[in-house]
2 protein chains.
Amino acid sequence: MQANALQQARAAAVAAAHQARAAYRAGSVRPTAGVAPGMTQANMIALPRDWAWDFLLYAQRNPKPCPVLDVIEAGAHQTLLADGADIRTDIPLYRVWRNGRLAEEVQDATALWAEHPDLVTFLIGCSFTFETPLQEAGIEVRHIADGCNVPMYRTNRQCRPAGRLHGEMVVSMRPIPAHRVADAVSISARFPSVHGAPVHVGDPAALGIADLARPDFGDPVRIEPGEIPVFWACGVTPQAAVMASGVPFAVTHAPGYMFITDVPDSSYHV
Amino acid sequence: MQANALQQARAAAVAAAHQARAAYRAGSVRPTAGVAPGMTQANMIALPRDWAWDFLLYAQRNPKPCPVLDVIEAGAHQTLLADGADIRTDIPLYRVWRNGRLAEEVQDATALWAEHPDLVTFLIGCSFTFETPLQEAGIEVRHIADGCNVPMYRTNRQCRPAGRLHGEMVVSMRPIPAHRVADAVSISARFPSVHGAPVHVGDPAALGIADLARPDFGDPVRIEPGEIPVFWACGVTPQAAVMASGVPFAVTHAPGYMFITDVPDSSYHV
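The rules behind these values
- Residues numbered from 1 in each chain as written.
- Chains lettered and ligands numbered in written order.
- Predicted model: local features only at pLDDT ≥ 70, side-chain atom pairs only at ≥ 80, totals over all residues.
- Heavy atoms only, no water.
- Least-squares fit on C-alpha atoms with pLDDT ≥ 70 in both.
- Contact = heavy atoms within 4.5 Å.
- Core = buried A, V, L, I, M, F, W, Y, C linked by side-chain atoms within 4.5 Å.
- Buried < 20%, exposed > 50% of the residue type's maximum accessible area, 1.4 Å probe, protein only.
- Salt bridge = Lys/Arg side-chain N within 4 Å of Asp/Glu carboxyl O.
- Helix = DSSP H or I, 4+ residues; strand = E, 2+ residues; numbered from the N terminus.

Draft legend 1. Structural detail: the relation of the copies chain B and chain A. For the pair chain B and chain A, the superposition axis carries a translation of 0.0 Å, the fit reaches an RMSD of 0.0 Å, and the rotation angle comes to 180 degrees. Interpreted geometrically, this transformation is the action of a two-fold axis. For chain B, the smallest separation between a C-alpha atom and the rotation axis is recorded for Trp53 of chain B, amounting to 3.1 Å. An overlap of 100% is found between the interface residues of chain B and their copies at the interface of chain A, pointing to a shared contact surface.

Draft legend 2. Molecular detail of the nonpolar core. Formed by 70 residues in total, the largest nonpolar core has its most connected members in Trp53, Phe55 and Phe122 of chain A together with Trp53, Phe55 and Phe122 of chain B. Excluding residues that lie within four positions of it along the chain, Trp53 of chain B makes contacts with Ala52, Trp53, Leu56, Val71, Val120 and Phe122 of chain A. With 35 residues, the next largest nonpolar core counts Leu81, Ile187, Val194 and Val251 of chain A among its residues.

Draft legend 3. Expanded view of the pattern of salt bridges. The full count for this structure, using the stated rule, is 32 salt bridges over all chains. For Arg98 of chain A, the salt bridge is made with Glu115 of chain A, and the minimal N-O distance between the two is 2.8 Å. Here Arg98 of chain A, found in strand β3 (residues 94–98), pairs with Glu115 of chain A, found in helix α3 (residues 110–115); they are 17 residues apart in sequence, far enough to count as distant. The exposure class of Arg98 of chain A is partly exposed, given its relative accessible area of 31%. For Glu115 of chain A, a relative accessible area of 40% corresponds to the partly exposed category. Here Arg174 of chain B ties to Glu131 of chain B by a salt bridge, and the two come within 2.9 Å at their closest N and O atoms.

Draft legend 4. A look at helix α2 (residues 52–61) of chain B. Most of α2 of chain B is tucked away, with 10 of its 10 residues classed as buried. The complete set of buried residues in α2 of chain B reads Ala52, Trp53, Asp54, Phe55, Leu56, Leu57, Tyr58, Ala59, Gln60 and Arg61 of chain B.

Right, dumping it as structure tokens:
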């Protein structure tokens, strides 16, 4: 009976992931934190083939912000991580980048793949993946509790360059009660493929963050007395590289609007 | 005083790594298990630039056997992982591959880089890195205790292909007393960048290994009563891909004769 209950829970989680992707494909737009709990979420960046080597090398050199979960080869739209998914339609919101600048946001990227048929797509681990384990340990994830997007910030930490790519690291922030910071570190550390342990605890100024109330991406969140801001490397870092490096063309997810896979977060637990 | 003692220990470990590389550069040839304890060791494969994308993608798709620690760009010989090292000379023994076949073994690869000036070099995590933590936990590492090379085996597990590359996974084997297998798993699991947890415990036949006494690479080791053979993914896997895929030209380390870095193994502990 217990095995059966576990199988049912697993099937329900996969079904929730399928339903979420179908809803986004049909036009629903919302941040994905808290959606399909227990399933791995991913950042996405698609680049013309000519930029693929530079990017894969950039990711290898910066594994904390850019842990690669899968690479979809030029012109393809499927990934082993999500059965039946189409990377052009199944993310709630896309960003289109031209010459290093945000050109527009779209809900369907099919026309962009038609415009650039040689796009190579990279799926990158997302810290939303370990939010379920954090919550299971009784640690409130503020942006989920408050129903908004996670706050993300550009930092003064430069990534190690690769080829034509350079840029700063982007971080996500979660306020954690002081007596739970160690638990949040320990839990997230066991998920190195989805950013792992925090890169910084407390003192935003040391990261070059002037005002936590004004994130560069996503929404600000409440910080209660006794809570410490904890910063994790963030998969929006590739978008910072697109901007800093003047990449001619790229398609990414919009920060906080992730690709939801069929892979249980436990698959990335070490 | 304690901090000072730690600093001295660290400096001594780095000095041991430098001395080892200098000895290999001068012509010493021996397996590197147990050398410069506490310092990360790495597998090496260098391929013409035309093969670099395929290989980096192969490594991304097969992170257990092929965790990439650094990529040295075309024609360069230095790595951030080892101050002053030259990848062409500082490995004790190299293998030269032509059209998927082992052509020769050499102690100095300088002439090969002159022959192929566009070689891109990949340094890949090695399980020797977590042998110091295993020993610190009181687990004997048999090939170190007996002064021979680690036994390595080709398996029936196919890696996920990438471009022109395919091949089977290679594993290393250490006999572990049954009551310490869980400890060996737990300790190595915390080092995912150097192969992490075992891929298989016991029953060699299930991996397609017919006879533990006849490894495909390295030396056979004693298995005492009460010991279980435990198998870790191995960084010789790229050499299996070179053979299976008929790669026109490659230079690798000889199995068990690794590149010793200046990076403490604790850097890869999660």
